[in-house]
Amino acid sequence: MMQLFSWPKCLVVGCLAAIALGGAAFPVMAANVSFVALHYSADRPVPHFHFDGPVVAGDADALAALIDKFVECTPDALDPDGSNCAVVTLNSPGGHYIEGLRLAALMRERAIATLVEETAQCYSACAFAFLGGSGHSSQAGVGAYIDRMIEPGGTLGFHAPYFAPDSLNGLVAQYGLDEVLGASRDDISLMIQQLVDWNVNPNALSHIVRMGPSQTYDIVSGGDYTVLWAQLPPAPPHYWNSNTPSAIRNACINLLAHHLNTWPDAVMEAISQEPEVNLANNEQGQSLAGFRLQADTPLGASLCALPHEQFKSGGDIDLALYTAPGISGTSRPLVSLFNRTESWSTMGTGGDPTRRNMQKGSMSHLFVDVVGPVESDFVKFMDYLPLRKFARFNEAGLLKEVEEFPVSELPMTLLGQNQKVRIMKHGQQQIIVETGSDLLYITARHRHANRHDIGVTLAADYDNGFAVGGYYDSGRPYLWVGLKGDAGAAAVLRIETPDMPVDMNAALLEQEKVACSFRLHGHSLDCP
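Treat the numbers as computed from the prediction; the structure is a model and nothing was measured. (Residues numbered from 1 in each chain as written. Predicted model: local features only at pLDDT ≥ 70, side-chain atom pairs only at ≥ 80, totals over all residues. Heavy atoms only, no water.)

Caption draft 1: Structural detail: the state of the cysteines. Within the structure shown, the criterion is met by 4 disulfides. Between C252 and C304 runs a disulfide, and the two sulfur atoms are separated by 2.0 Å. Here C252 and C304 share a disulfide; its torsion about the S-S bond, -90°, makes the bridge left-handed. On the criterion of sequence distance, the pair formed by C252 in helix α10 (residues 244–260) and C304 in strand β13 (residues 301–307) is long-range, its members being 52 residues apart. Of the residues examined, C304 reaches a relative accessible area of 0% and is grouped as buried. When the cysteines of the protein chain that form disulfides are numbered from the N-terminus onward, they connect as 1-2, 3-4, 5-6, 7-8. (Disulfide = S-S within 2.5 Å. Helix = DSSP H or I, 4+ residues; strand = E, 2+ residues; numbered from the N terminus. Buried < 20%, exposed > 50% of the residue type's maximum accessible area, 1.4 Å probe, protein only.)

This is the structure:
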């Protein structure tokens, strides 16, 4: 067979490294964790895993093992503009508290984003696991960053570690009073340490540790999102609050609470109700618009404002707490918020990234009502999520025809499938096929051709598809293929050897053969 794809000869004959992935039947269930799809959304086009059920000892190891079967990713090498190795959605009543912390540590170590989706519930140990949600950027000064999201309608709830009353007497009898209560104190100490490390507002700690076994601190309002530093689904702030003065005032409340190290609802009255223009000039000579604070001093926070031209632009936001004008006639910023829908947003003091909260995309949670339940202002926002989130695309009826899996003329062994993904084997190749829309096709094409954490040696477009190939750090070859179908339908395939091939050239030829064999609605790659 003629070789359709051009592979550098040195890589064909010289790739030697340890095996990182294994081939396993699908769906793979380790405790209550499952693999869902190759891509979660257009904003996080990485493998999707789901955790469902009580948190039990060993779940962190089970999740790590499952990820190793489907993902080879080096967090330190991820894109400069920030990315993840995977996404884990959570739905759990809680359970083993220390295991929840282990899960959180795993998420941070592996650059895994965590999400609580609409209608899902994540309590207790699950909530602590959620806090580990992270991404990573190879950009200097960024590194690991928080990436944990709660969709409106999803529930996240905390309480302190505790011993159930009916078991306390038995524990004391078995281990002794000091041992039992000492362990409880140690657990609470560990929890506080981890929460501080994970950028949870220290004021939330006392609230959480007071929670009894039948009480929870649920993340409901915009203020709750802020103290927990949890994200809303990606969208510009006006999708969540279309009233610009209200949105800016809410962000001012959150900035002042951050500055004073208190709860957002405790400082609401300190900020004027009505915005003003020409409050002062900043050090760059820009006229500021925004809100007055109760204080009026050149030494403290007296204004919350942003450049006048940004007030109604709906674009980038450079908001800050300013002092009153001093001898120089200008106001100085004390705490700032730089909100960017398409790049990095930060909030904090000074330019040191270790002292600032950082997030990829808009910090929309800062602009919603501080005390009321979080919900979108726009009904059309419910159309925004399906457009970005691959699993919901068909549910919204946005494809004209029912999706179909592409078919191959080669004999395939079916290892398993769900509604979106089918896993098969041919020869030494494992093939994962994901169906979707043109958005999946476009996202996958761009994502895989521009990855920094793996070696990309091939990126080619054809009339009916694309091919992106290369080598993992371990030296194993892979090939991503996209196929266009009818009526906007598409499919993306990942073809790879689960083990290091003995004959690299034969493995590459086999991957090409498999890629050329698939057809979606009669369309295939332009293979000779």
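Caption draft 2: Inspection of the pattern of salt bridges at higher detail. Under the definition given, this model contains 11 salt bridges. Residue D68 is joined to R110 by a salt bridge in which the shortest nitrogen-to-oxygen separation is 3.3 Å. With D68 in helix α2 (residues 59–70) and R110 in helix α3 (residues 97–110), this pair connects stretches of sequence that are 42 residues apart. Take D68: its relative accessible area is 31%, and that puts it in the partly exposed class. Among the salt bridges present, the one from R445 reaches D461, with a minimum N-O distance of 2.8 Å. Within this pair, whereas R445 is found in helix α13 (residues 438–449), its partner D461 is found in strand β22 (residues 455–462), the two being separated by 16 residues in sequence. (Salt bridge = Lys/Arg side-chain N within 4 Å of Asp/Glu carboxyl O.)

Caption draft 3: Looking closely at helix α14 (residues 504–517). Taking 1.5 Å of rise per residue, 14 residues should cover 20 Å, and α14 covers 20 Å from first to last C-alpha, within 8% of that figure. In terms of burial, α14 is largely enclosed, as 10 of its 14 residues are buried. The complete set of buried residues in α14 reads M504, A507, L508, E510, Q511, E512, V514, A515, C516 and S517. At the N-terminal end of α14, a side-chain oxygen is found 3.3 Å from the backbone nitrogen of N505, two or three residues along, and the residue is D503. (Expected span 1.5 Å × (residues − 1). Polar contact = N/O pair within 3.5 Å; in protein donor to acceptor, adjacent residues only side chain to side chain.)

Caption draft 4: Seen up close, the packing of aromatic side chains. All told, the structure shown has 9 aromatic pairs when counted by the stated rule. Ring plane angle 85° and centroid distance 5.4 Å describe the contact between Y97 and F128, whose orientation is recorded as edge-to-face. Remark: F128 occurs in helix α4 (residues 125–130) and Y97 occurs in helix α3; sequence separation between them is 31 residues. We note that Y97, like F128, is buried. One aromatic cluster in this structure is built from F35, F49 and F70. (Phe/Tyr/Trp six-rings, centres within 6.5 Å; stacked < 30°, edge-to-face > 60°.)

Caption draft 5: Structural context of the sheet that holds strand β1 (residues 33–37). Read from one edge to the other, the open sheet built from 5 strands follows the order β1-β2-β3-β4-β8, with strand pairing classed as mixed. Of all the strands in the sheet, the pair left with one neighbour each is β1 and β8 (148–150). Sheet twist, expressed as the average angle between the axes of neighbouring strands with direction ignored, equals 25°. In this sheet, strand β4 (residues 112–116) lies alongside strand β3 (residues 86–91) in parallel orientation, the contact comprising 4 bridges. Pairing of T89 across the sheet is with L115, part of β4. (Pairing = 2+ DSSP bridges. Axes fitted to C-alpha atoms, helices over the stretch in contact; angles between N-to-C directions.)

Caption draft 6: The arrangement of the sheet that holds strand β5 (residues 121–123) in detail. The strand order across the open sheet formed by 3 strands is β5-β9-β10, and the pairing between neighbours is mixed. If you trace the sheet from one side to the other, it starts and ends with β5 and β10 (217–218), each paired once. Pairing of β5 with strand β9 (residues 155–158), which is carried by 3 bridges, proceeds in the parallel orientation. In the strand pairing of β9, C122 is matched with L156.

Caption draft 7: Looking closely at empty space enclosed by the protein. Counted under the stated rule, the structure contains 2 cavities of 30 Å³ or more. Roughly 120 Å³ of internal volume is contained in the largest cavity. Along its surface, the largest cavity is lined by 16 residues, and P47, V71, R451, W480 and R494 are the ones closest to its centre. When grouped by side-chain class, the residues that make up the lining of the largest cavity number 9 nonpolar, 2 polar and 5 charged. (1 Å grid on protein atoms, 1.4 Å probe; cavity = no way out; pocket = protein on both sides within 12 Å on 5 of 7 lines; lining within 4 Å. Points joined across faces, edges and corners; volume = space filled by probe spheres on them. Nonpolar A, V, L, I, M, F, W, Y, C, P; charged D, E, K, R; others polar.)

Caption draft 8: Fine view of the nonpolar core. By size, the foremost hydrophobic cluster in this structure holds 66 residues, and its most contacted members are F49, F130, I150, L156, F158 and L228. Sequence-distant contacts of L156, defined by excluding residues within four places in its chain, comprise V116, C122, A127, F130, I150, Y217, D218, I219 and L228. Within the second largest apolar cluster, 30 residues are counted, among which are L255, A270, A301 and L366. (Core = buried A, V, L, I, M, F, W, Y, C linked by side-chain atoms within 4.5 Å. Contact = heavy atoms within 4.5 Å.)

The values are spatial; any link to function lies outside them.
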